[in-house]
Amino acid sequence: MESQDSEEVKQEEVEYDDRNTIRIMIASDIHLGYLETDRERGNDSFVSFEEILEQALDQEVDMVLLGGDLFHINKPSPTTLKKCLETLRKYCIGDRSVFIDVISDPKLVMCNDHVNYMDPNLNISLPVFTINGNHDDPSGPELVAALDIVSNSGLVNYFGKCTNLNEITLNPLIIQKNETKVAIFGLGYVKDERLCNMIKHNKVKYMKPTDDKDIIYILVLHQNRPERGTVKNIAEDSIPSFFHFILWGHEHECRIKPEYNTKQRFHVCQPGSPVATSLCAGEAVQKKCGILMCNKQNYKLVPRSLETVRPFVFENMTIEPDDIEEVIEEEIANTVDRMIEDAKKQLTGNPRQPKLPLIRLRVENCKPDTLSINPIVFGQKYENKVANSNEILLIKNRRYRVDADKSMKGQMDHGEDQDYIDTCVEDLLQSYYDQAGPEQQLHSFLPSELNESVKRFINQEDRSVFGDIIDYKLDAIMKHFETAKIKEEEIDSELTNFQTTIAENQGEEFKSFLVAENRTQTTNRTLGATMIDIDSDNEMETSTVETPVRPARGRGSRGGRGSRGPRGSRARGKK
């Protein structure tokens, strides 16, 4: 096999003739609908997606292969669905011929049993193949995702859906173009902890063809790649060595240049996301897609720059203990002004590229006292100069404690970090309850249940999840008490027993409730609140997202920050 930047595999001059070369446009994590109601940034994801498809046509690729998270949430708004379908129809339907053939049984691979360009009722000129990610994963009793709707419309080919989480069997989609064969295995998102356990117990099976001579093997997956605190990740060494090329979705930092794994002897390509969904260093790396060229036994990847991505400049700044307070804000302002000028260098001249940049200055304050700078007030003077005026500054204060020797020792308020990337919500919650006293412990909820709910609130932007789980848990507890017929003085002990029983079955019933289709769930209507967005961005950051306009659901909920929303009743299990 031909490889890139690898001493282990010999470089060869190979002629990639059109007759035998399968050209695959690769991209990932499009996140259609991200901040869709934001006047300035709401169209960014659609513009980038359109450019990827436009480049695919201009470069005459044979197919497009996406690594998951086509949508930002698993129940996208009608507006997002409409724009998605319009874009796909514009670039994927036409008279252009398709020169690749599927020689494996598509019923074993595709979610709707066939590939769209072989449908006699459709005139597909650019086949698009995608797996699902964690943001657009299937849910409900029938495991339906928005991708199923788009797939049934005939505009994309959805594969890699995992419907059996006791054992996963992956069949390849084998594509042939004259003398070249490519076998593509798709693995849609599975919770990393579960997938790690399945791999450990050999519950993930790859159905490799018996006649596998001269086939290039590709795996598409959407999982955590690096280690992040206590969160599980999928180790590259756990992937079978018969693969040649791994398309790794979920991680947003663009590492489009294939990286060689010396042990497994395959290449890993991480396209990243074409739209910045968090304001961290990884998202500030130049965004690209790529064309994977496969010819007989050889392959190479050609990176392609994206010209319509919003400029983004990220920098760090440290405030030393002896810095003068009066000049700190002036220095910060000068730094932001320079960053805005630097962002102009990222303008490509493409008329569709947004002009207002994203600016993020992360300030590490080493002074014993907190800074008097208000990030919101500071950002107001940049309102028409940047796209994220309320989020320009991220101030991290160092906590100080007095030790027995009376010396002052400092520690960052997010814990000792490695560029702040190794912390996640699960770590914070677990750490809190491990250190909290008895009076701060949960009595009606398990920490694991709260973890699952918080992750759903973040990843699926599930606005009603907390109100729903309160009702669910209260109903479950009351039914248990009624069945057990306990006395008042036995309530505390019986509640503990009840929680222990739930913990023993690993909360599977609770997880099923979270994804149930009949559970109320609002989508992304905005008034611009702020939440923590932990994505595949390698970092915890704050990000402006949508909040419901209508009253919040659940007992004791409030409609918005600082104002009390009107009370409203709801019928359980209805939308």
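Thresholds applied
Residues numbered from 1 in each chain as written. Predicted model: local features only at pLDDT ≥ 70, side-chain atom pairs only at ≥ 80, totals over all residues. Heavy atoms only, no water. UniProt positions renumbered as here; feature names shortened; annotations may be inferred. Helix = DSSP H or I, 4+ residues; strand = E, 2+ residues; numbered from the N terminus. Buried < 20%, exposed > 50% of the residue type's maximum accessible area, 1.4 Å probe, protein only. Contact = heavy atoms within 4.5 Å. Areas by Shrake-Rupley, 256 points an atom, 1.4 Å probe, with all protein chains shown as cover. Pairing = 2+ DSSP bridges. Core = buried A, V, L, I, M, F, W, Y, C linked by side-chain atoms within 4.5 Å. Salt bridge = Lys/Arg side-chain N within 4 Å of Asp/Glu carboxyl O. Phe/Tyr/Trp six-rings, centres within 6.5 Å; stacked < 30°, edge-to-face > 60°. Lys NZ or Arg CZ within 6 Å of the ring centre and 35° of its normal.

As recorded in an unreviewed UniProt entry, the protein chain goes by the name Double-strand break repair protein, listed as coming from Diaphorina citri. According to its UniProt record, the protein chain has this under Sequence similarities (unreviewed entry): "Belongs to the MRE11/RAD32 family." Quoted verbatim from the Cofactor (unreviewed entry) field of the UniProt record, the comment on the protein chain reads "Mn(2+)".

**Student:** When you look at the overall build of the protein chain in this model, what are you seeing that I'm missing?
**Tutor:** The number of helices and strands found in the protein chain is eleven helices and 21 strands. Across the 575 residues in the protein chain, those meeting the buried criterion constitute 53%. In the protein chain, the proportion of contacts linking residues at least 24 apart, taken out of those at least 6 apart, comes to 73%. Summing over all exposed atoms, the protein chain offers an accessible surface of approximately 27300 Å²; the carbon and sulfur share of this is 48%.

**Student:** Teacher, can you tell me more about the pairing of strand β13 (residues 266–270) here?
**Tutor:** If a strand is regular, its side chains alternate between the two faces of the sheet. Of all five residues that make up β13, five are buried, and the element is covered over most of its length. Of the two faces of β13, both are covered, the one formed by F266, V268 and Q270 as well as the one formed by H267 and C269. Inspection of the sheet shows strand β11 (residues 245–249) paired to β13 by three bridges, in the parallel sense. Its bridge partner lying in β13, L247 is registered against C269. As paired elements, strand β12 (residues 255–261) and β13 share four bridges and run antiparallel to each other. Opposite E259, over in β13, you have V268 as the bridge partner.

**Student:** Mind showing me how you'd approach the nonpolar core here?
**Tutor:** One recurring pattern in soluble globular proteins is that nonpolar side chains are buried together. In terms of nonpolar packing, the biggest core is built from 34 residues, with L70, F71 and L88 touching the most fellow members. If you list the elements that add at least two residues to this core, you get β1 (21–27), α1 (44–58), β2 (63–66), α2 (78–92), α3 (146–152) and β14 (288–295). Apart from the residues lying within four places of it in its own chain, the contact partners of L70 are I30, H31, L32, F49, C84, D136 and L147. Counting 31 residues, the second-largest nonpolar core is a separate cluster that includes I22, M63, I175 and L301.

**Student:** Explanation requested: the environment of L66 in the structure shown.
**Tutor:** Here L66 is to be found in strand β2. Placed 63 residues apart in sequence, L66 and F129 show a C-alpha to C-alpha distance of 6.2 Å.

**Student:** Explain the side chain of E315 here, please?
**Tutor:** Of note, E315 is situated in strand β16 (residues 312–319). What E315 contacts, discounting residues up to four positions off in sequence, is T335, R338, M339, D342, R360, L361 and R362.

**Student:** Looking at this model, I keep getting lost on the sheet that holds strand β7 (residues 173–177). Mind explaining?
**Tutor:** Note: strands within a sheet are paired through backbone hydrogen bonds, in either parallel or antiparallel orientation. Spatial strand order, β3-β7-β8-β10-β11-β13-β12: seven strands in an open sheet with mixed pairing. Two strands close off the open sheet at either side, each with one partner strand: β3 (101–102) and β12. Pairing analysis gives five bridges linking strand β10 (residues 215–222) to β11, with the strands arranged parallel. Note that in β11 the partner of L221 across the bridge is W248.

**Student:** I keep staring at the UniProt feature "active site" (unreviewed entry) in the protein chain and nothing clicks. Help me out?
**Tutor:** In the numbering used here, UniProt assigns the "active site" (unreviewed entry) feature to H135. Its location among the elements puts H135 in the loop between β4 (128–130) and α3.

**Student:** For this particular structure, what's the right way to read the pattern of salt bridges?
**Tutor:** In a structure, side chains of opposite charge can pair up when their charged atoms sit close to one another. With the rule as written, the count across this model stands at 20 salt bridges. Here D62 makes a salt bridge to K177, at a shortest N to O gap of 3.2 Å. Placement of D62 in the loop between α1 and β2 and of K177 in strand β7 is noted, with a sequence separation of 115 residues between them. Neither residue differs from the other here; D62 and K177 are each classed as buried. Residue D237 is joined to K263 by a salt bridge in which the shortest nitrogen-to-oxygen separation is 3.9 Å. Residue D237 is located in the loop between β10 and β11, and its partner K263 is located in the loop between β12 and β13; the two are separated by 26 residues in the primary sequence.

**Student:** What is the right way to look at the packing of aromatic side chains in this model?
**Tutor:** For any pair of aromatic rings, the description rests on two quantities: the centre-to-centre distance and the angle between the ring planes. Tallied over the entire structure, the rule returns eleven aromatic pairs. Judged by centre distance (6.4 Å) and plane angle (35°), the rings of F185 and Y217 are tilted. Of this pair, F185 sits in strand β8 (residues 180–187) while Y217 sits in strand β10, placing them 32 residues apart in sequence. Each member of the pair F185 and Y217 is classed as buried. The interplanar angle of 65° and the centroid separation of 6.0 Å between the aromatic rings of F185 and F242 together place this pair among those described as edge-to-face. With a gap of 57 residues between them, F185 in strand β8 and F242 in the loop between β10 and β11 connect regions that are remote in the sequence. K83 extends its terminal NZ or CZ atom over the ring of F46, reaching a point 4.8 Å from the ring centre. The ring of W248 has R225 sitting right over it, with the charged end atom 5.7 Å from the ring centre.

**Student:** How should I be thinking about the sheet that holds strand β5 (residues 157–158) in this particular structure?
**Tutor:** Across the sheet, which stays open at both edges, the six strands sit in the order β5-β4-β2-β1-β14-β15 with mixed pairing between neighbours. Unpaired on one side and paired on the other, β5 and β15 (298–305) mark the two borders of the sheet. Strand direction decides the pairing type here: β4 and β5, joined by two bridges, are parallel. Paired with T130 across the bridge in β5 is Y158.

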